[in-house]
Amino acid sequence: MGTNFSCFLQEKVKVVAGDITFDDLGIKDSDLKEELLKEVDVIVNLAATTNFDERYDVSLHLNTFGAKNVIDFAKRCTNIKVIIQVSTAYVSGERVGLILEDPYRIGDTLNGVAGLDIEAEKKLAQQKLNELRAEGASDESIKLTMKDMGIERSRNFGWPNVYVFTKALGEMMMLDLKGDIPLVIVRPTIVSSTYKEPFPGWVEGIRTIDSLVVGYGKGKLQCFLGDPTSVVDVIPADMVVNAMIVAMVVHANQRSAETPIYQVGSSVRNPVRLTLIQDVAHRYFVKHPWINKDGHPVIVGKVKVYGSISSFHRYITLKYLLPLKGLELANTTFCQIFRGTYMDLSRKINFMLRLIDIYRPYLFFKGIYDDINTHKLRIEAAESRMETDVFYFDPKVINWEDYFMYAHLPGLVRYVFK
């Protein structure tokens, strides 16, 4: 559309800098704030840290209390019609079987442990931060300690990591504070590159499964831990956006005590198994090998899959831990001459083991995300004569083999590989 499109955007779009970790979303200009409070009628909250290994204080500020600040701001908007809160399907934790589109209420936990108090969690995190600073801890030490605290507090209440825990807390706060404002919670599964719009395969950043694909394509992944028969619940980004837009239209001005929850995924209507992704990735990179920085094609082979934690640990022990022990003994014998090599290998092994610990729940995930509400939304859109060919979000139309071979993998290579 060229120049005309730029003019169109300038007429229709106004960019405002803000920060959801602050009251009033960090907007200081009083005139601008008043304008927003009068004019804003729809709020879509996508702001979050999606890092599974984030600092506890950072994750709480963004994912939990950021959501609270959004709802507080929305309640002051005189023309508000609907809020779309984008969460994640994985607030379910490690549940198995069919996972329903049910809400989380204040105090709910996944393991039945009582005493979850969101304000108390915030104070606990701040108290630990104050203690570390008073002790003169280094920035690196503070970061690692707060990361460990996030994992510990999450698992204490049954969630596997700090990302899904603090997103669940954010849902709780919004449900508790929304009053009669129409609130919709959208829970996508693993969001992948686009199916059609703006064009097939468009992606920014590396998602959960993509980190494995990138490592494999670059020749750095020779083995993998997980159940190859498991279902990987993937949904293209444009389908998630379309579901949000349709939900926005359908629920505008619907003031009700009930909050609709939409799990947007594929595991019920069109499941894709890990074996398919493995097979397609192998065929793609054999046909289109990645060219490394030296200008040589990277030759990939079939990945060895370890189906249990114990078998993977045996592999790690033989491949890495025994050589590491040998280096330790050599250092003792030869006056630490191999200290640099030892420390480098030790860091890499510890990093890998930490990643496995964090991602373990998803490597053997046995949940299937029910999407009956989302299906009803599709039906309502069709009956309301919405442009369902434009606002499509039915994963049943996807041929996964074609999608991965001709859209997703080429998109990863084009936009993500460095």
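Rules of the game
- Residues numbered from 1 in each chain as written.
- Predicted model: local features only at pLDDT ≥ 70, side-chain atom pairs only at ≥ 80, totals over all residues.
- Heavy atoms only, no water.
- Phe/Tyr/Trp six-rings, centres within 6.5 Å; stacked < 30°, edge-to-face > 60°.
- Helix = DSSP H or I, 4+ residues; strand = E, 2+ residues; numbered from the N terminus.
- Buried < 20%, exposed > 50% of the residue type's maximum accessible area, 1.4 Å probe, protein only.
- Lys NZ or Arg CZ within 6 Å of the ring centre and 35° of its normal.
- Contact = heavy atoms within 4.5 Å.
- Axes fitted to C-alpha atoms, helices over the stretch in contact; angles between N-to-C directions.
- Parallel < 35°, antiparallel > 145°, perpendicular 65-115°, else oblique.
- Left-handed = near helix turned anticlockwise from the far one by under 90°.
- Nonpolar A, V, L, I, M, F, W, Y, C, P; charged D, E, K, R; others polar.
- Salt bridge = Lys/Arg side-chain N within 4 Å of Asp/Glu carboxyl O.
- 1 Å grid on protein atoms, 1.4 Å probe; cavity = no way out; pocket = protein on both sides within 12 Å on 5 of 7 lines; lining within 4 Å.
- Points joined across faces, edges and corners; volume = space filled by probe spheres on them.
- pLDDT = per-residue confidence, 0-100.
- Patch = residues over 30% accessible without salt bridge, like charges linked within 9 Å, V, L, I, M, F, W, Y side chains within 5 Å.
- Areas by Shrake-Rupley, 256 points an atom, 1.4 Å probe, with all protein chains shown as cover.

**Looking at the packing of aromatic side chains**
Link 1 in the chain: Applying the stated rule across the entire model yields 20 aromatic pairs.
Link 2 in the chain: Taking the centre distance of 6.4 Å and the plane angle of 15 degrees together, the rings of Tyr56 and Phe165 count as stacked. With Tyr56 in helix α3 (residues 56-74) and Phe165 in helix α6 (residues 162-177), the pair connects residues that are 109 residues apart, well separated along the chain.
Link 3 in the chain: Among the residues examined, Phe165 registers a relative accessible area of 0% and is labelled buried.
Link 4 in the chain: Over the face of the ring belonging to Tyr392 we find Lys196, whose NZ or CZ atom lies 4.3 Å from the ring centre.
Link 5 in the chain: One Lys or Arg, Lys304, reaches over the ring of Tyr306 and ends 5.5 Å from the middle of that ring.

**Some words on the side chain of Arg269**
Link 1 in the chain: Here Arg269 lies in the loop between β8 (261-264) and α9 (274-287).
Link 2 in the chain: Excluding its chain neighbours within four sequence positions, the residues that come into contact with Arg269 are Asp371, His375, Arg378, Asp394, Pro395 and Lys396.

**Let's talk about unusual backbone geometry**
Link 1 in the chain: Backbone torsion omega between Glu197 and Pro198 reads 0 degrees, so that peptide bond is classified as cis.
Link 2 in the chain: Along the chain, the position of Pro198 falls in the loop between β5 (190-192) and α7 (208-217).
Link 3 in the chain: Even without glycine at this site, Asp24 takes up a positive phi of about 55 degrees.
Link 4 in the chain: Here Asp24 lies in the loop between α1 (2-12) and α2 (30-39).
Link 5 in the chain: Of note in the backbone geometry, Leu25 takes a positive phi value of approximately 55 degrees without being a glycine.
Link 6 in the chain: Here Leu25 lies in the loop between α1 and α2.

**Observations regarding the packing of α3 against α6**
Link 1 in the chain: Look at α3 against α6: their axes get within 9 Å of each other, and the N-to-C directions meet at 20 degrees. In terms of axis orientation, α3 runs roughly parallel to α6. Two packed elements cross with a definite hand, and for α3 against α6 that hand is right-handed. In contact with Tyr56, Ser59, Leu60, Asn63, Thr64, Phe65, Ala67, Lys68, Val70, Ile71 and Asp72 of α3, α6 contributes Val162, Tyr163, Phe165, Thr166, Lys167, Leu169, Gly170, Met173, Met174 and Leu177.
Link 2 in the chain: Looking at side-chain class alone, the contact of α3 with α6 contains 13 nonpolar, 5 polar and 3 charged residues.

**Some remarks on the pattern of salt bridges**
Link 1 in the chain: Enumeration according to the criterion identifies 17 salt bridges in this entry.
Link 2 in the chain: In this structure, Lys33 engages Asp24 in a salt bridge whose closest nitrogen and oxygen atoms are separated by 3.1 Å. Assigned by exposure class, Lys33 and Asp24 land together as buried.
Link 3 in the chain: One salt bridge connects Asp394 with Arg269, and the closest N-O pair in it is separated by 2.9 Å. Residue Asp394 is located in the loop between α12 (372-383) and α13 (400-415), and its partner Arg269 is located in the loop between β8 and α9; the two are separated by 125 residues in the primary sequence.

**Describing the environment of Gly367**
Link 1 in the chain: Structurally, Gly367 can be placed in strand β10 (residues 367-369).
Link 2 in the chain: Taking C-alpha positions, Gly367 is 6.5 Å from Ile99, a pair spaced 268 residues apart along the chain.
Link 3 in the chain: Residues in contact with Gly367, not counting those within four places in the same chain, are Arg95, Val96, Gly97 and Ile99.

**Overview of empty space enclosed by the protein**
Link 1 in the chain: This structure, assessed with the given rule, holds 2 cavities of 30 Å³ or more.
Link 2 in the chain: One number sums up the size of the largest cavity: a volume of about 40 Å³.
Link 3 in the chain: In terms of lining, the largest cavity is formed by Asp57, Leu60, His61, Phe65, Lys122, Ala125 and Gln126.
Link 4 in the chain: For the lining of the largest cavity, the elements supplying multiple residues, two or more each, are α3 and α4 (118-134).

**Thoughts on the confidence of the model for the chain**
Link 1 in the chain: This prediction gives the chain a mean pLDDT of 89; 92% of its residues lie at or above 70.
Link 2 in the chain: Mean pLDDT across the elements of the chain bottoms out in helix α11 (residues 339-363) (66) and peaks in β8 (98).

**Here's the deal with the packing of helix α8 (residues 237-251) against α12**
The description of two packed helices rests on the angle between their axes and on the distance between the axes.
Link 1 in the chain: For the pair α8 and α12, interaxial distance at closest approach is 10 Å and the crossing angle is 65 degrees. Between α8 and α12, the interaxial angle falls into the category roughly perpendicular. Note that α8 runs across α12; the crossing there is left-handed. Side by side, α8 and α12 meet where Ala243, Val246, Ala247 and Val250 of the first sit next to Leu377, Glu380 and Ala381 of the second.
Link 2 in the chain: Of the residues that constitute the contact of α8 with α12, the class distribution is 6 nonpolar, no polar and 1 charged.

**Focus: a nonpolar patch on the surface**
Link 1 in the chain: A contiguous nonpolar patch, built from Phe5, Phe8, Leu9, Val13 and Val15 and spanning about 470 Å² of accessible area, is present on the exposed surface.
Link 2 in the chain: Position of Phe8 relative to the elements: it lies in helix α1.
Link 3 in the chain: Assessed through its relative accessible area of 42%, Phe8 is described here as partly exposed.

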